[in-house]
Amino acid sequence: MTVEVSEEIRDIPYNKMFHIEHVEIDLPEKAKIYESVKCSECGEMVSEHRSRVRNGKIICIPCLGEVNK
Ligand SMILES: [Zn+2]
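All figures in this text were calculated on a predicted structure; none of them were measured in a lab.

A. Quick look at the environment of G56. Along the chain, the position of G56 falls in the loop between strand 3 (51-54) and strand 4 (57-60). A residue is classified by how many C-beta atoms lie within 10 Å of it, and G56, with 6 of them, is exposed. Sequence separation between G56 and S40 is 16 residues; the distance between their C-alpha atoms is 10.0 Å.

Here it is, written out as structure tokens:
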């Protein structure tokens, strides 16, 4: 009985468990600050804070400038 239990413990993918924990701790803040979005006009990847949403489309600042002329 005791031997069987220890065999099962060795089969538990504890590396995966640790990895998930690590990701959850690491993700939150950084990912939000400089999230890249794709401009629907020129197709360039731009930081979220350098883009605007117009008519449900993501548009970068340079493209917005042309639209506003
Ligand atoms: Zn653009």
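B. How the structure looks around the pairing of strand 4. With 4 bridges joining them, strand 3 and strand 4 adopt antiparallel strand pairing. In the strand pairing of strand 4, R54 is matched with K57. The antiparallel pairing of strand 3 with strand 4 creates a hairpin that spans 2 residues between the two strands, and N55 there sits at a positive phi of about 55°.

C. Inspection of unusual backbone geometry at higher detail. Here the phi dihedral of N55 falls at roughly 55°; this positive angle occurs in a residue that is not glycine. Here N55 shows up in the loop between strand 3 and strand 4.

The rules we used
- Residues numbered from 1 in each chain as written.
- Predicted model: local features only at pLDDT ≥ 70, side-chain atom pairs only at ≥ 80, totals over all residues.
- Helix = DSSP H or I, 4+ residues; strand = E, 2+ residues; numbered from the N terminus.
- Buried ≥ 20, exposed ≤ 12 C-beta atoms within 10 Å, placed from the backbone.
- Pairing = 2+ DSSP bridges.

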